Amino acid sequence: MSLNTTLSIALSGLQTAQSGLSTVSHNLTNVNTDGYTRQSIIQDSVVMGNMGGGVSISHIVQVADKFIRANLIDQTAGLGYAQEMSDFMKNVEAIFGTPGSGSSMEKVINSFFEELNALSSNPESSSQRLNVVKAAELMVDSVRDIRAQLNATQTQADNQIDENIAIVNRTLNEIKDLNDKIAQVNATGTSGQNANDFTDKRQLLIEKLSSYMDIQITYDQFDRASIQTAGGRRLVDTSAVQLERIAPSGSSPYDGIGIRPTLSNGQPSPSVYEIDLSKVEGGSLKALADIRDNELVNLIAQVDEFSQTIIEEMNLVSSQGSSVPPLQTVSSGNGYKTNAGVGADLLAAPPAGWGLTPSSSFDISIVTASDGSAVSTTNANGGGTVSIQIPAGGPFTLTDLANLINANPDVGGDVTATVTLDANGDPQLQIAANDPLNGVVLGNVTGNPLGELGMNNLFTGTDSETIALRADIAADPSLMPTARMRASDGGLSFLDNQNAIALASMSDGNYMFDSAGGLAAQSNSFASYFIDITSTLAVDLSDKSSRLEFQQVLYDDAFDRNLSTSGVNMDEELSQLLVYQNAFQASSRIISIVDEMFETLINMV
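The sections below set out a description of the structure shown in this document. Note that the structure is predicted; figures quoted are calculated from it, not measured.

## Topic: the overall build of the chain
Argument step 1. Scanning the chain for helices and strands turns up 12 helices and 19 strands.
Argument step 2. Taking 605 residues into account, the globule formula puts the C-alpha radius of gyration at 25 Å, and the chain, at 41 Å, lies well above it.
Argument step 3. Referenced to the eigenvectors of the C-alpha coordinate spread, the extents of the chain come out at roughly 155 × 50 × 35 Å.
Argument step 4. When the 605 residues of the chain are sorted by exposure, 47% land in the buried category.
Argument step 5. Of all intrachain contacts in the chain linking residues separated by at least 6 positions in sequence, the fraction that spans at least 24 positions is 67%.
Argument step 6. Total accessible area on the chain is roughly 27200 Å²; 51% of this is exposed by carbon and sulfur atoms.
Argument step 7. Computed over 31 positive and 70 negative side-chain charges, the inter-centroid distance for the chain is 8 Å.

Spelled out as structure tokens, the structure:
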């Protein structure tokens, strides 16, 4: 081996040690750089002929475990979902308040019944009637406010989806640009060049993307990342798609999420492909869609079930009563039943009909508005002969019922029953005293046809969005139906409190609530049902908080394992620094010795 060969070998060692020192220096200076992956040089021995020719740098690699990184991506998606879900549901819990607190819905409900109970003890008190009206308005306003806030939260979640889509689109474009740079370096780069720092930036963007949606990643021969959704829709490789809102699918009122690919000429494709969110499991986009379409929809269904039940049940009782003094005209309408047409069979079940009980009956009295004495009545004790009888079988329409009332031999000359349309265009029965100085008083005989017809209702509406105290009662609390027809003669006692007592006693009653939004069908009181809603929500939030904590543990473990593999360890790097420093010094020493030998040879000549 010649001295020239020895010099060349030593020089290769010097250059390799220098590259090693540069790599270690790069690692140390980026020890606190977010997402930086530790780099290491790969050395190859050089063979010239059949003899060793020194050392060369094969390439500079990133020290990373692809399986650990894949797990980190998965856990990032899971954490994004759990974090978004937990944060939103904490806000939702605040809408309902803390169970048992002074502002809780069950307190508002109980306060309403407490005022009704006070009215039953003092039915002639105008101030107590006003208290009942104000308590009733607070209750229905509170329910409507909860519904409005739930709807607003749905809108907020939907708007957040728009914001997330904008971030995802920017991220996809940035990944595509880095893909281009990485591929260019890997395809055309000369010795000493590498795309490692570009790869680090892309990895950070991929992790960011995975927090919004769960993704699948593969790499081509130039290390371009090809990213797809969990359902297999391409997001980015040599080009980037754009996410956008598309027309709602199914019964959802909210826009879906679609993917618009980029054509080979760089122009957007005319086609948009919907992302099937049922195939997506992680990421904040999925969480927001689940909150909007599942969690909040379930809560709205539960509040609607409460509203519908309290409207129906309280109207079944209030319809049996009369205000003091009595109204000249009373009207029907139980909200959920009025969507049947004028010609609907009253005996048919809702929504086709009104659901009246066959063969049930009620009395009508025309009384003097000033003192409640009976002018005419169908009440047998007051001399009446024929009560208003619902037939045993249908069809039997509102018009048939009006005709039956008008033809009644006891009151037909003092009352007029008509079928009209209310402000919403729904049919209603009106029973009016012909003399404006008289009033109409109704009383059940068998069954509860008055409640089923919804005569003289207390509440209007069909759900939590439309529930309201009857407008004329809200304007004039004296119209509260506190009294009932006097059984002895069909008249009305102005100090009677039977209906007020019946309404107040509903506080302790159990009523059937249908299954709604995940709550099972149950028999419960009004306040207790709302406690079930808030308690179930609290349990659900606790579960989501626990899932977030568990997911955070999984993410932290994946992050730490990735950091232990790919992160810069200063102790290890300083140790490597010494290795390359010694190698550099050793190669320098060889060069120095060879130089001395050359000088000796020259002097010998």
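After presenting the structure, the write-up continues.
## Some points on unusual backbone geometry
Argument step 1. Look at the link from Val-324 to Pro-325: it is a cis peptide, with omega at -5°.
Argument step 2. Secondary-structure assignment places Pro-325 in the loop between α6 (284-318) and β9 (329-331).
Argument step 3. Cis geometry marks the peptide bond from Pro-350 to Pro-351, where omega comes out at 5°.
Argument step 4. Relative to the helices and strands, Pro-351 resides in the loop between β9 and β10 (361-368).
Argument step 5. The backbone phi angle of Asp-223 is positive, close to 70°, even though this residue is not glycine.
Argument step 6. Structurally, Asp-223 can be placed in the loop between β3 (215-219) and β4 (225-229).
Argument step 7. Exposure remark for Asp-223: the relative accessible area of 25% places this residue in the partly exposed category.
Argument step 8. Look at Asn-456: it is not a glycine, yet its phi comes out positive at around 60°.
Argument step 9. For Asn-456, the location among the structural elements is in the loop between α8 (449-453) and β16 (459-460).

## A short note on the nonpolar core
Note on soluble globular proteins: their nonpolar side chains tend to be buried together.
Argument step 1. Phe-96, Phe-112, Leu-243, Met-314 and Ile-431 are the most contacted members of the largest nonpolar core, which totals 110 residues.
Argument step 2. If near-sequence neighbours (up to four positions away) are discounted, Phe-112 is found in contact with Val-132, Ala-135, Ala-136, Met-139, Met-314, Leu-458 and Phe-459.

## Points about the pairing of strand β2 (residues 51-62)
Argument step 1. When strand β1 (residues 39-48) meets β2, the two strands line up antiparallel, connected through 10 bridges. When the sheet's bridge partners are listed, Asp-44 is paired in β2 with Ser-56.
Argument step 2. Counting the residues in the hairpin turn of β1 and β2 gives two residues, including Gly-49, whose phi is positive at 70°.

## Notes on the packing of helix α2 (residues 66-96) against α6
Argument step 1. Where α2 meets α6, the axes come as close as 9 Å, and the angle between the chain directions of the two elements is 30°. Judged by the angle between their axes, α2 and α6 are roughly parallel. When you trace α2 past α6, the crossing you get is right-handed. Residues Gly-80, Tyr-81, Glu-84, Met-85, Phe-88, Met-89, Val-92 and Phe-96 of α2 lie in contact with α6, whose contacting residues are Ser-284, Lys-286, Ala-287, Leu-288, Asp-290, Ile-291, Glu-295, Leu-296, Leu-299 and Val-303.
Argument step 2. In the contact of α2 with α6, the residues fall into 12 nonpolar, two polar and four charged.

## A word on the pattern of salt bridges
Argument step 1. The final tally for this structure, using the stated rule, is 20 salt bridges.
Argument step 2. The partner of Arg-147 in a salt bridge is Asp-304, with the nearest N and O atoms 2.8 Å apart. Of the two residues, Arg-147 sits in helix α4 (residues 126-188) while Asp-304 sits in helix α6, which places them 157 residues apart along the sequence.
Argument step 3. Residue class for Arg-147 comes out buried when judged on its relative accessible area of 11%.
Argument step 4. Between Glu-295 and Lys-544 there is a salt bridge; the shortest N-O distance is 3.2 Å. Residue Glu-295 is found in helix α6, and its partner Lys-544 is found in helix α11 (residues 526-566); the two are separated by 249 residues along the sequence.

## Re the packing of aromatic side chains
Argument step 1. For the coordinates displayed, the defined rule picks out nine aromatic pairs.
Argument step 2. Their ring planes at 5° and their centres at 4.7 Å tell us that Tyr-511 and Phe-526 sit as a pair that is stacked. Highlighted residues: Tyr-511 in strand β18 (residues 511-513) and Phe-526 in helix α11, separated in sequence by 15 residues.
Argument step 3. Judged by relative accessible area, which is 14%, Tyr-511 ranks as buried.
Argument step 4. Ring centres of Phe-513 and Tyr-529 lie 4.0 Å apart, and the angle between their planes is 5°; on these two criteria the pair is classed as stacked.

## Observations concerning α6
Argument step 1. Between its terminal C-alpha atoms α6 stretches 48 Å, which fits the 51 Å expected from 35 residues at 1.5 Å a residue.
Argument step 2. Of all the bends in α6, the largest measures some 40° and sits at Ile-291.
Argument step 3. In terms of burial, α6 is a largely internal element, 27 of the 35 residues being buried.

## Section: the packing of α4 against α6
Argument step 1. Orientation of α4 relative to α6, taken along the N-to-C sense of each, is 170°, at an axis distance of 10 Å. Taken as axis vectors, α4 and α6 run roughly antiparallel relative to one another. Read as a crossing pair, α4 and α6 show a hand that is left-handed.
Argument step 2. Tallied by class, the residues present in the contact of α4 with α6 amount to 18 nonpolar, seven polar and four charged.

## A look at the sheet that holds strand β6 (residues 242-246)
Argument step 1. Spatially, β6-β7-β8 is the arrangement adopted by the three strands of the open sheet, whose pairing is antiparallel. Every interior strand has two partners, whereas the edge strands, β6 and β8 (273-274), have only one.
Argument step 2. The sheet contact formed by β6 and strand β7 (residues 256-260) spans five bridges and is antiparallel. Of the residues in β7, the one forming a bridge with Arg-245 is Ile-257.
Argument step 3. In the packing of α4 onto the sheet, the strands contacted are β6 and β7, and the crossing angle to β6 comes to about 155°.

## Observations regarding the sheet that holds strand β14 (residues 427-433)
Argument step 1. Spatial ordering of the open sheet is given by β9-β14-β13, a layout of three strands whose pairing is antiparallel. Edge positions in the sheet fall to β9 and β13 (415-421), since each has one partner strand and no second. On average, each strand axis in the sheet is tilted by 20° relative to the strand beside it, whichever way the strands run.
Argument step 2. Examined bridge by bridge, β13 and β14 share seven bridges and lie antiparallel to one another. Directly across from Val-415, in β14, lies its bridge partner Ala-433.
Argument step 3. With respect to the sheet, helix α7 (residues 398-406) is in contact with β13 and β14, its orientation differing from that of β13 by roughly 165°.

## Some thoughts on helix α1 (residues 3-29)
Argument step 1. For α1, with 27 residues, the first-to-last C-alpha span of 38 Å sits near the 39 Å given by 1.5 Å per residue.
Argument step 2. All buried positions along α1 are accounted for by Leu-3, Ala-10, Ser-12, Gly-13, Leu-14, Thr-16, Ala-17, Gly-20, Thr-23, Val-24, Asn-27 and Leu-28.
Argument step 3. If you follow the buried residues of α1, they end up packed against β1, β2 and α12 (570-604).

About the criteria used
- Residues numbered from 1 in each chain as written.
- Predicted model: local features only at pLDDT ≥ 70, side-chain atom pairs only at ≥ 80, totals over all residues.
- Heavy atoms only, no water.
- Helix = DSSP H or I, 4+ residues; strand = E, 2+ residues; numbered from the N terminus.
- Rg over C-alpha atoms; globule rule 2.2 N^0.38 Å.
- Buried < 20%, exposed > 50% of the residue type's maximum accessible area, 1.4 Å probe, protein only.
- Contact = heavy atoms within 4.5 Å.
- Areas by Shrake-Rupley, 256 points an atom, 1.4 Å probe, with all protein chains shown as cover.
- Lys, Arg positive; Asp, Glu negative; His and termini not counted.
- Charge placed at Lys NZ, Arg CZ, Asp CG, Glu CD.
- Core = buried A, V, L, I, M, F, W, Y, C linked by side-chain atoms within 4.5 Å.
- Pairing = 2+ DSSP bridges.
- Axes fitted to C-alpha atoms, helices over the stretch in contact; angles between N-to-C directions.
- Parallel < 35°, antiparallel > 145°, perpendicular 65-115°, else oblique.
- Left-handed = near helix turned anticlockwise from the far one by under 90°.
- Nonpolar A, V, L, I, M, F, W, Y, C, P; charged D, E, K, R; others polar.
- Salt bridge = Lys/Arg side-chain N within 4 Å of Asp/Glu carboxyl O.
- Phe/Tyr/Trp six-rings, centres within 6.5 Å; stacked < 30°, edge-to-face > 60°.
- Expected span 1.5 Å × (residues − 1).
- Bend = angle between axes of the 7 residues up to and from the residue.

That is the geometry; function is a separate question.
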